[in-house]
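Coordinates in review
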Amino acid sequence: QVQLVESGGGLGQPGGSLRLSCIASGSIGSINAMGWYRQAPGGQRELVARLTNGGSTNYADSVKGRFTITRHNAKNTVYLEMNSMKPEDTAVYYCNAEVFRFVSTEYWGQGTQVTVSS
């Protein structure tokens, strides 16, 4: 089993910034990719940002130019820098990791609440 632990969520002002962190631990072979997803109340879980070992990134159109995903591979840690936040960014943010150990498997964290309000 792989464990993912998110941190850094909380309350922010419109136009403000937050930095989310996710650390992966457990029975890890190699992590092919890590990313962030979010789910608003009553909504579906959607992609926010994803980063592969090869350096490829994928961002939701709604966060392009505002959010940045980075990774410290040796520490199995991924970060999400959230700038110019909007109330529409309010959601539970989940860390995701694609792990290869015999087979490729995806794992999810418990989620961290991000609320953007004035």
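Refer to the structure printed above.
Right, let's walk through the structure included here. (Residues numbered from 1 in each chain as written. Predicted model: local features only at pLDDT ≥ 70, side-chain atom pairs only at ≥ 80, totals over all residues. Heavy atoms only, no water.)

The sheet contact formed by strand β9 (residues 91-101) and strand β10 (residues 103-108) spans six bridges and is antiparallel. For valine 99, the partnering residue across the bridge sits in β10 and is threonine 105. (Pairing = 2+ DSSP bridges. Helix = DSSP H or I, 4+ residues; strand = E, 2+ residues; numbered from the N terminus.)

With that settled, the discussion passes to the state of the cysteines. The term disulfide refers to a covalent linkage connecting the sulfur atoms of a pair of cysteines. Enumeration over the complete set of coordinates arrives at one disulfide. The side chain of cysteine 22 participates in a disulfide bridge whose partner is cysteine 95; the two sulfur atoms lie 2.0 Å from each other. Judged by the sign of its S-S torsion, about -85 degrees, the bond between cysteine 22 and cysteine 95 is left-handed. Here the residue cysteine 22 occupies a position in strand β3 (residues 18-26), and cysteine 95 occupies one in strand β9, the gap between them amounting to 73 residues. (Disulfide = S-S within 2.5 Å.)

Quick look at the environment of arginine 50 now. Assignment of secondary structure puts arginine 50 in strand β5 (residues 46-52). Taking relative accessible area as the criterion, arginine 50 reaches 24% and is therefore assigned partly exposed. Through-space distance from the C-alpha of arginine 50 to that of arginine 101 is 20 Å; in sequence the pair is 51 residues apart. In this structure, arginine 50 is in contact with Ala33, Met34, Gly35, Tyr37, Ser56, Thr57, Asn58, Ile69 and Glu98, ignoring residues within four places of it in sequence. A polar side-chain atom of arginine 50 sits 2.7 Å from a polar atom in the side chain of glutamate 98. (Buried < 20%, exposed > 50% of the residue type's maximum accessible area, 1.4 Å probe, protein only. Contact = heavy atoms within 4.5 Å. Polar contact = N/O pair within 3.5 Å; in protein donor to acceptor, adjacent residues only side chain to side chain.)

Taken together, the four strands give an open sheet; going across it, the order is β1-β3-β8-β7, and neighbouring strands pair in antiparallel fashion. Each edge of the open sheet is held by one strand with a lone partner, namely β1 (2-7) and β7 (67-72). Pairs of neighbouring strands in the sheet enclose a mean axial angle of 15 degrees, with direction left out of account. Direction of pairing for β3 relative to strand β8 (residues 77-82): antiparallel, over a ladder of six bridges. (Axes fitted to C-alpha atoms, helices over the stretch in contact; angles between N-to-C directions.)

What follows concerns the pattern of salt bridges. Following the criterion strictly, the structure yields six salt bridges and no others. In this structure, arginine 38 and glutamate 46 form a salt bridge, with 3.2 Å as the shortest nitrogen-oxygen distance. Its relative accessible area of 39% is what places glutamate 46 among the partly exposed residues. For glutamate 98, the salt bridge goes to arginine 50, with nearest N and O atoms at 2.7 Å. Here arginine 50 lies in strand β5 and glutamate 98 lies in strand β9, a separation of 48 residues in the sequence. Relative accessible area serves as the criterion here: at 18%, glutamate 98 is assigned to the buried category. Taken together, the salt bridges that share partners define one network made up of Arg38, Glu46, Arg66 and Asp89. (Salt bridge = Lys/Arg side-chain N within 4 Å of Asp/Glu carboxyl O.)

Moving on, we get to the environment of glycine 16. Tracing the backbone through its elements, the reader meets glycine 16 in the loop between β2 (10-12) and β3. Between the C-alpha atom of glycine 16 and that of lysine 86, which follows or precedes it by 70 residues, the distance is 8.3 Å. Aside from chain neighbours lying at most four places away, what touches glycine 16 is Met82, Asn83, Ser84 and Met85.

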